[in-house]
Amino acid sequence: MNEYEEEENKDMCPICKTDRYLSPDLKFLVNPECYHKICESCVDRIFSLGPAQCPYKGCDKILRKNKFKTQIFDDVSVEKEVDIRKRVFNVFNKTLQDFNGNLDEYNKYLEDREDIVYNLDHGIDVDKMEEKLRTYEELNKQLIQANLERFKQDTESFKQRQQFEKEMKLKKRLLERQIEEEERANKRWAKREIVNRLTTSNLSVDTNEVIDSVKNTVKLKKSSARRKLEELNRVLQNNPYFGANMNPQNNKTMMMMMMQRRQLEPFTPFNGDRDLNQRYVVTRDQYEDPFIQDLEKRKEYTASGFRVDYTYDRLLNEAFRGLGCIISEELA
C-alpha cells in the first residue's frame, strides 16, 4: 500500500467503506480492547443488540458498545499509548515527596512504571503486567486515593491561578487605558486653560508663569485610576504567582491570606488612603481661592457637576492625609 492509499484509508471506515469526502460528519470510534477504528454508524449497527466480536478480520476480541470512545489522535498507536499511560499513572502515582526526597528510589520507581507502559503498549507479558497493576493497586489503595485527591487539588489550584492572572491582567489593561484617556483629557484641558488665562488676563502677565501654573495643576491631579493601578501593581508584586518562582500551591488560601493581611494593615500613606475617620471638618462654604472661584463661574464645569464643596473636601483630605501614620512604626 502506497502513501496515497494510506492517506485515503485514514478517512474511510474499513467496515462500510464510507469516507469523509461523501460524509463530512463521519466520526470514528475506537474500543480500548483492540483499538480498531470503526465509524459511529457501524458501531450502532453492529453492537446495539449487545456484545459482539470485532468486525476486523483476524480479531477475536468481544466488544461492547459502551466501551467505544471518540478517536482523538489521527494515529491509533498514539491513542493507545495515551490511554495506557493514563491508566498506569493513575495507579503508579507516587511523587518524590512519598520517597522522602530520595531521588534514586524515585527514579527506580519511574523506570518500573515506564517498563509497564512499554510492555502493555507493545503486547509484551500483558497478563503479567496486568497482574502487577492489580496487585500494586490493592496493596496501596489508600495512598493512591490520597495522591489522586492531591493531584485534583493541584489541578484546581492551577485553574484558579490562571483565572486570577487573567482577571488581574484584564483589570490592569483597563486601568492603563483609562489613565491614557485621562492624560489626553488633561492635556486638552491644559491647552484650553492656558489660552483662557492669557486671553482674560492683562498684557503684563508672564506667559511662562501661566504655563507653569497650569502644568503644576495638572500634576496635582492624580486620577483614581492611577491610584488603583499603583495598588494593583503592589498586589501583583506581593503575589508569589507573579514572581520569578511560581509555586502553584493552594492559590485560594493564599488569596484569602492576602485579603486578611490587607484588612489588618493600619492606615499608611505608603499603601493609599484607607482612613475612614476624617481628621477635619469643612466649616466654610467659600475659601479664598481665585482659581476655584473662577472655575465655579464657568458653565462647562458647573454643567458637568463641578461643586466647590467637593473640591474643598478633597483638598483638605489630601492636606490631612498621613497625620495618623507614625513613620518609624511603619518602617519597622
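Being a predicted model, the structure only gives us computed values, none of them experimental. (Residues numbered from 1 in each chain as written. Predicted model: local features only at pLDDT ≥ 70, side-chain atom pairs only at ≥ 80, totals over all residues. Heavy atoms only, no water.)

(A) Local environment of the side chain of N31. With respect to the element layout, N31 can be found in the loop between β1 (28-30) and β2 (38-39). The class for N31 is buried, based on a relative accessible area of 1%. For N31, the residues in contact, after removing those within four places along its chain, are H36, L63, R64, K67 and F68. (Helix = DSSP H or I, 4+ residues; strand = E, 2+ residues; numbered from the N terminus. Buried < 20%, exposed > 50% of the residue type's maximum accessible area, 1.4 Å probe, protein only. Contact = heavy atoms within 4.5 Å.)

(B) Broad picture of the packing of aromatic side chains. For the coordinates displayed, the defined rule picks out five aromatic pairs. A centroid spacing of 5.1 Å and a plane angle of 45° characterise the contact between F47 and F68, whose relative ring orientation is tilted. Of this pair, F47 sits in helix α2 (residues 40-47) while F68 sits in the loop between β4 (62-63) and β5 (69-70); the two residues are 21 residues apart in sequence, bridging distant segments of the chain. A relative accessible area of 2% places F47 in the buried class. The ring of F28 has K37 sitting right over it, with the charged end atom 4.6 Å from the ring centre. Looking at R113, its charged tip hangs above the ring of F89, at a distance of 4.0 Å from the centre. (Phe/Tyr/Trp six-rings, centres within 6.5 Å; stacked < 30°, edge-to-face > 60°. Lys NZ or Arg CZ within 6 Å of the ring centre and 35° of its normal.)

(C) Inspection of a positive patch on the surface at higher detail. Among the surface-exposed residues, R184, K187, R188, K191 and R192 lie close enough to one another that they form a single positively charged patch. On the secondary structure map, R188 appears in helix α6 (residues 141-200). Judged by relative accessible area, which is 47%, R188 ranks as partly exposed. (Patch = residues over 30% accessible without salt bridge, like charges linked within 9 Å, V, L, I, M, F, W, Y side chains within 5 Å. Areas by Shrake-Rupley, 256 points an atom, 1.4 Å probe, with all protein chains shown as cover. Salt bridge = Lys/Arg side-chain N within 4 Å of Asp/Glu carboxyl O. Lys, Arg positive; Asp, Glu negative; His and termini not counted. Charge placed at Lys NZ, Arg CZ, Asp CG, Glu CD.)

(D) Molecular detail of unusual backbone geometry. Backbone geometry places K17, a non-glycine residue, at a positive phi of 65°. Mapping K17 onto the fold places it in the loop between α1 (3-10) and β1. Residue class for K17 comes out exposed when judged on its relative accessible area of 53%. The residue Y35 is not glycine, and still its phi comes out positive at about 60°. As for its position among the elements, Y35 is in the loop between β1 and β2.

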